[in-house]
Amino acid sequence: MASKNQNKTPLNSTLIITSPSHKYIGDEVPVDKWHQLGVDKMVGTATNGRMRQAFSIVNGEQELVPTSAPHSNAGSECGGIEFTREDVDALLNERMKYKNKFNYKERCDNMMDYIKRLRLCIRWFQEIEGCYLFEQEKLQNLLEFKESQCAEMELMLENKEEELNLIIVELRKSLSSLQEKVSKEESEKLQAAVDSLAREKEARISIEKSQASLSEELGKIQGELQSANQRIASVNDMYKLLQEYNSSLQLYNGKLQTDLDTAHETVKRGEKEKAAIVENLSNLRGQHKSLQDQYALCKASLEEVTKQKDALVYEVASLRGELQQARNDRDQYLSQVNDLTARVVNCDELAVKSNELEERCLSQSKQLQTLQEQLEVAQNKLKVSDLSAFETRTEFEAQKRLITELQNRLEDAEFKLIEGEKLRKKLHNTILELKGNIRVFCRVRPLLPDDSPCAEGKVVSYPTTTEALGRGIDLLQNGQKYPFTFDKVFTPDASQEDVFVEISQLVQSALDGYKVCIFAYGQTGSGKTYTMMGKPGHPEQKGLIPRSLEQIFQTRQSLLSQGWKYEMQVSMLEIYNETIRDLLSTNRDSSRTENGTSGKQYAIKHDANGNTHVSDLSIVDVRSTREVAFLLDQAANSRSVGKTQMNEQSSRSHFVFTLRISGVNESTDQQVQGVLNLIDLAGSERLSKSGSTGDRLKETQAINKSLSSLSDVIFALAKKEDYVPFRNSKLTYLLQPCLGGDSKTLMFVNISPDPSSLGESLCSLRFAARVNACEIGVPRRHTIMRSADSRLSLG
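Source: prediction; values computed, not measured.

Definitions and limits used
- Residues numbered from 1 in each chain as written.
- Predicted model: local features only at pLDDT ≥ 70, side-chain atom pairs only at ≥ 80, totals over all residues.
- Heavy atoms only, no water.
- Helix = DSSP H or I, 4+ residues; strand = E, 2+ residues; numbered from the N terminus.
- Buried < 20%, exposed > 50% of the residue type's maximum accessible area, 1.4 Å probe, protein only.
- Contact = heavy atoms within 4.5 Å.
- Areas by Shrake-Rupley, 256 points an atom, 1.4 Å probe, with all protein chains shown as cover.
- Pairing = 2+ DSSP bridges.
- Axes fitted to C-alpha atoms, helices over the stretch in contact; angles between N-to-C directions.
- Polar contact = N/O pair within 3.5 Å; in protein donor to acceptor, adjacent residues only side chain to side chain.
- Phe/Tyr/Trp six-rings, centres within 6.5 Å; stacked < 30°, edge-to-face > 60°.
- Arc of directions from axis to C-beta.
- 1 Å grid on protein atoms, 1.4 Å probe; cavity = no way out; pocket = protein on both sides within 12 Å on 5 of 7 lines; lining within 4 Å.
- Points joined across faces, edges and corners; volume = space filled by probe spheres on them.
- Nonpolar A, V, L, I, M, F, W, Y, C, P; charged D, E, K, R; others polar.
- Parallel < 35°, antiparallel > 145°, perpendicular 65-115°, else oblique.
- Left-handed = near helix turned anticlockwise from the far one by under 90°.
- Salt bridge = Lys/Arg side-chain N within 4 Å of Asp/Glu carboxyl O.

Colleague: Describe the overall build of the protein, listing the residues and the values that go with them.
Modeller: Counting secondary structure elements, the protein contains 15 helices and 18 strands. Counting across all 795 residues of the protein, residues that qualify as buried make up 35%. In the protein, of all internal contacts separated by at least 6 residues, the share reaching a separation of at least 24 is 72%. Split by element, the accessible area of the protein, about 48400 Å² in all, is 53% carbon and sulfur.

The structure is reproduced here in structure tokens:
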């Protein structure tokens, strides 16, 4: 065997890789690059700096690769050894020859030598695979470079095409303008020629008449005949001039036609240049396609080499299995020798056991016959069970058809339910539009123990006629009756549930995508807050706000089966002394100043869609009525209240609760956006009766001023004036979309049956009657989805 060299490979050396199908030295690639490609994981460096033996020496002195190229010792353990398909086949088909069949040490040594040669072949293939990976990367980089060039060329061609298109458009515009000028001038000159011909015809007619008269009086007026001849000569001269003018017009027309032909030729040249550019683009695309084909061929060759590598790996695994099998055979042979020696000793015992086995065979044959008889019985039972299974299957198919029919009926019912819901929405909106956009409900609170002992019937009465039943109310003052009619009148015995039933469909409109506003108006102590909020701690006396939220969340849950998904946002504010306060602000106490006003200034803004936004207002996402109830309690604790002579717990501010609803139907891709505004206005009161002083006096003056501004707005809307003073107060400016926009608006006018409050009740009913007569336009459905950063608006 050849001696092993002790040459060490430097780190910056190069790998010389040869192809399996061509016997030549490949490109030299730096080792750092091979490390980048991960080849160092597959092909290692020379162990201890020693060279691998030549393949011809390792392979049993058999010359497999006749080549005159010198072997390189740089790179991997394989050196410059080359392999061909014949070498690999000879290595795989090689069979071991042994002098002694049972000399296992010799067999193991030969097998280890064979495995070493196989490893050498496998490492050679790994080096080739690394070369192919490098070539693939080079081709990939070249392909990306060519693709980038093609993209730049296409971009340049597109820009050139756009420029040519712009030039063509400008030429066409100039052509059209020239044609318009030509047609205009032709029409003008033609009209002038027609006018001159008309004048000529008139002159000829007059000449003929004069000639007729001259023929009758030829003898008398010979001199006039000469003057007529002169006129005829002048007319002929004019006709000649007109003919010359007509010929000049024809020449001008020919010149314009020549300019038009020139423009057409310019357009044709531009189209030819465009065609040449398109042809160049197609050539570039052909080159790109050829590069893609080359890449596909390289990829196919790489796949073939990968398959060969997998086959060799499989062969190595099988050889290892054969080696293991040989070891197992050796152990088995040794055990067989021991067994044979033991069997010779026990041969007599085996003869006795054979007789016993014959007897057992006879008994087992009898048992087998018995088992066959039992099998026939089981087969009969199986036939009976098959019949029962067939009947069960028939019944199952009938049940399946019934279930399918019921499912179809259920789908039809769900479709009818959806259609019915759409029809209900349409009819409900139609009814609300017929009733008017601003509806007014009147509610009379019961007499309280602190009220005057006068009977209710002497002050407030309810007509019982068919037209006014449930809609009319009469006030009696100083013997004079004041009748009023509203959309609904609730007597003192009406419960909170009765009141909510009347507005439940209006609350539903918010889920349908409409803007809805419900506000309570009335004097201090008339029951506005009780109507809107109810009595805390008594579920049966809940007000309109909690009941509306319960209905909205229940309806949202029921509409999930129809594909509707809703998102809710809540904000609460109050207007106190013409200042906006955020009732959900976490740092509310620290933001107030010494005089009770808020340190933060909240601005009211209206957008083009009729929505009102309050800047820096706290907005909370809610998912259940429990969350809203917690927020309502927080707002109630933060709201400004005070004690007056007319009310123990009087609301000293206007409370505004806003719920923004965004809905999406995944089955119909329908999107809606609704707003529900529930407003509890501060109570109006007379200073003489309320006894307000100091801060209470300022509060009362601010409340009365804002309610007076509300009255001015209502009166301006009722009279349909051009200017409506919405900006006179924060309250009216905040309610502008509800009063003058496209919102469905309902007002509760609350009155007290106390005779001492009859004057304020009469003023409230008169104001409500004005509100009921207002027309603010037709409400429309909003189907615009809110953006991620949208702020809550009052609609």
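We are not done yet, so read on.
Colleague: An account of the sheet that holds strand β6 (residues 480-485) is needed here, citing residue identities and associated values.
Modeller: The strand order β4-β5-β6 describes an open sheet built from three strands, whose pairing is antiparallel. Unpaired on one side and paired on the other, β4 (460-461) and β6 mark the two borders of the sheet. Direction of pairing for β4 relative to strand β5 (residues 472-477): antiparallel, over a ladder of two bridges. The partner of Ser461 across the bridge, within β5, is Asp474. Docked against the sheet, helix α15 (residues 758-772) engages β5 and β6, running at close to 145 degrees with respect to β5.

Colleague: Report on the side chain of Lys744, specifying residues and quantitative values.
Modeller: Locating Lys744 in the fold gives a position in strand β18 (residues 744-751). At 3.3 Å, the side chain of Lys744 and the side chain of Ser509 are in polar contact.

Colleague: Can you tell me about the packing of aromatic side chains, naming the residues and giving the values?
Modeller: A full pass over the atoms with the stated rule returns seven aromatic pairs. Ring geometry for Phe441 and Phe748: centres 5.6 Å apart, planes at 85 degrees, overall edge-to-face. A residue pair is termed long-range when its members are at least 10 positions apart, and Phe441 in strand β3 (residues 438-444) and Phe748 in strand β18 qualify at 307 residues. We classify Phe441 as buried; its relative accessible area is 0%.

Colleague: Please give an account of helix α3 (residues 85-92) that cites residues and values.
Modeller: By the burial criterion, the buried members of α3 are Asp87, Val88 and Leu91. Down the axis, α3 shows its buried residues gathered within 95 degrees of arc, on one side only. For α3, the exposed residues lying more than 90 degrees away from the buried face are Arg85 and Glu86.

Colleague: Which residues make up the environment of Ile703, and what values go with them?
Modeller: Examined against the element boundaries, Ile703 turns out to sit in helix α12 (residues 695-718). Among the residues examined, Ile703 registers a relative accessible area of 4% and is labelled buried.

Colleague: Now, about empty space enclosed by the protein: what can you tell me, with residues and values included?
Modeller: Scanning the entire structure with this criterion turns up seven cavities of 30 Å³ or more. Roughly 70 Å³ of internal volume is contained in the largest cavity. Those elements that provide at least two residues to the lining of the largest cavity are α4 (104-216) and α5 (222-345). Its residues assigned to classes, the lining of the largest cavity shows five nonpolar, one polar and no charged.

Colleague: Give me the packing of helix α7 (residues 496-511) against helix α9 (residues 544-558): which residues, what numbers.
Modeller: Between α7 and α9, the least distance of the axes is 9 Å, while the angle of their chain directions is 50 degrees. Judged on the interaxial angle alone, α9 and α7 are oblique. The hand of the α7/α9 crossing is right-handed. Between α7 and α9, the residues in contact are Gln496, Glu497, Val499, Phe500, Ile503, Ser504, Val507, Gln508 and Leu511 and Leu544, Arg547, Ser548, Gln551, Ile552 and Thr555, respectively. Across the contact of α7 with α9, the residue classes break down as seven nonpolar, six polar and two charged.

Colleague: Describe the pattern of salt bridges, and please don't skip the residues or the numbers.
Modeller: A full pass over the atoms with the stated rule returns eight salt bridges. Asp113 is the salt-bridge partner of Arg117, the closest N and O atoms lying 3.7 Å from each other. One end of the pair, Arg117, and the other, Asp113, are both in helix α4, four residues apart, so they sit about a helical turn from each other. With a closest N to O distance of 2.4 Å, Lys542 and Glu550 form a salt bridge. Judged by relative accessible area, Lys542 falls into the partly exposed class, the value being 24%.

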